[in-house]
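# A structural walkthrough
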Amino acid sequence: MPSPLFTPLSLRDLTLPNRIVVSPMCQYSAEEGSANDWHLLHLGSLSVSGAGLLMIEATAVAPEGRITHGCLGLYSDANEAALARVVAACRRFGKTPLGIQLAHAGRKASATRPWEGIRALTPAEGAWPTIAPTALPLDDGWPAPRAISEAEIEALIDAFVATARRAARLGLDVLELHCAHGYLLHEFLSPIANRRDDEWGGNLENRLRLPLAVARAVREVWPSGRPLGARITGTDWLAGGFTVADAVMLARRLGEVGCDYVCVSSGGIIPKAPIPTAPGYQLELAQRVRRESGMKTRAVGLLAAPRQVEAVIASGQADMVAMARAFLDDPRWPWHAAEALGANAAYPPQYARSRRDLWPGAPLVRPDRDAAE
Ligand SMILES: Cc1cc2nc3c(=O)[nH]c(=O)nc-3n(C[C@H](O)[C@H](O)[C@H](O)COP(=O)(O)O)c2cc1C
């Protein structure tokens, strides 16, 4: 039987060659929001990985929506030109379709890079004022964000639209809205961060309003043949927080406004939530969202062993699997998974001779990566 993991998936006019997705990963290495040689190396390498889709990191729709001074943005002509250079290199050598994740960091903005210790920037480090649905700080030691006005909400939607237009001009294949990990759209969804009493807060319908308004507006300018998706949170893992039943409703409603898939992640609305991390710990959330919403679903979170990832697709828990750390560890993950599963992944011709079955006289099987499962 052909490998379910290496079976193509069609989303609108785009066909992903397989179900393996390079999860969006902030690199904290941009300059004034613009990609540089690091992105050329990082994305260039992953674009020849044989993955079915390569997601570009969370990309801010406004300068103040960046998490750190090093976060990627797509709010200026300079940002667009810098990313165009990276995209051109990926297209020239790689076959993997390219997506981009649009984000606004909300009250988690104006922070240090993770390797500098995760905390709010000080004024001397160039801190900037942050925004959120409600003026509640993320945690002790974080400044209170400013609750945004209705007029600012309209401007925010416009910023997502303007960035989507730039992404369309860059010829990117997939657009994804970041509605998870405690960033601004998730802050509107979660009762933990959203205590508004206007039409943008309160009951679930009101808390869904902003992500749906952004999705609806972006869908209008994002080419109709290209897929639009969202990374959503499956749960806040907190009493009184966003629940998996809410996530099912969000996924359904996103489908109604023209989204083509959801990626189900979780956590992040506050730093100290009791998250039961273990291999595949978010799978049940993805499976429930998929089953009850009917949306195409991407699973993510502590998945790395080829046979386990294959089983996620084969058992119908999800339609795609995203991996982040496994790709940092092994940018050739799809080649090695294909080897383990008896399937084929795309190689650039320059590297085709690395395929074990083309090494005359050499051992055909690498130490089994699944042995420790
Ligand atoms: C270095 C790094 C950067 C990340 N940046 C993003 C990001 O830009 N957007 C996002 O939605 N998730 C981001 N994540 C989360 C991953 O996409 C993924 O959901 C998470 O790491 C769990 O998957 P994994 O166990 O395969 O690493 C990041 C993770 C890592 C390790």
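Data block above holds the structure.
Notes on the structure in this doc start here.

Calculation rules
- Residues numbered from 1 in each chain as written.
- Predicted model: local features only at pLDDT ≥ 70, side-chain atom pairs only at ≥ 80, totals over all residues.
- Heavy atoms only, no water.
- Buried < 20%, exposed > 50% of the residue type's maximum accessible area, 1.4 Å probe, protein only.
- Helix = DSSP H or I, 4+ residues; strand = E, 2+ residues; numbered from the N terminus.
- Pairing = 2+ DSSP bridges.
- Right-handed = clockwise from strand over helix to strand, strands pointing away.
- Salt bridge = Lys/Arg side-chain N within 4 Å of Asp/Glu carboxyl O.
- Disulfide = S-S within 2.5 Å.
- 1 Å grid on protein atoms, 1.4 Å probe; cavity = no way out; pocket = protein on both sides within 12 Å on 5 of 7 lines; lining within 4 Å.
- Points joined across faces, edges and corners; volume = space filled by probe spheres on them.
- Nonpolar A, V, L, I, M, F, W, Y, C, P; charged D, E, K, R; others polar.

With four of its five residues buried, strand β11 (residues 296-300) lies for the most part within the structure. Note that strand β10 (residues 261-265) and β11 share four bridges and pair parallel. Of the residues in β11, the one forming a bridge with Val264 is Ala299. Running through helix α7 (residues 283-293), the crossover from β10 to the neighbouring parallel element β11 is right-handed. When β11 meets strand β12 (residues 320-323), the two strands line up parallel, connected through three bridges. Looking at β12, one finds that Ala299 is bridged to Val321.

Attention now moves to the pattern of salt bridges. One pass over the full model with this rule turns up 19 salt bridges. Residue Arg166 is joined to Glu80 by a salt bridge in which the shortest nitrogen-to-oxygen separation is 2.7 Å. Residue Arg166 is found in helix α3 (residues 150-169), and its partner Glu80 is found in helix α2 (residues 77-93); the two are separated by 86 residues along the sequence. Note on accessibility: Arg166 and Glu80 belong to one class, buried. Between Arg91 and Asp173 there is a salt bridge; the shortest N-O distance is 2.9 Å. Of this pair, Arg91 sits in helix α2 while Asp173 sits in the loop between α3 and β8 (174-179), and the two are 82 residues apart along the sequence. For Asp173, a relative accessible area of 17% translates into the label buried. Among the ionic contacts, a cluster of salt bridges with common partners joins Asp77, Glu80, Arg166 and Arg169.

To continue, consider the state of the cysteines. Within the structure shown, the criterion is met by zero disulfides. Residue Cys26 stays outside any disulfide, its sulfur separated by 4.8 Å from that of Cys71, the closest cysteine.

Attention shifts here to the layout of surface pockets. Here the largest pocket defines a volume of roughly 1300 Å³. Lining the largest pocket are 43 residues, with Tyr28, Lys108, His181, Tyr183 and Arg231 sitting closest to its centre. Where the lining of the largest pocket is concerned, the elements lending two or more residues are β12 and α9 (325-329). Of the residues contributing to the lining of the largest pocket, the split by class is 26 nonpolar, 13 polar and four charged.

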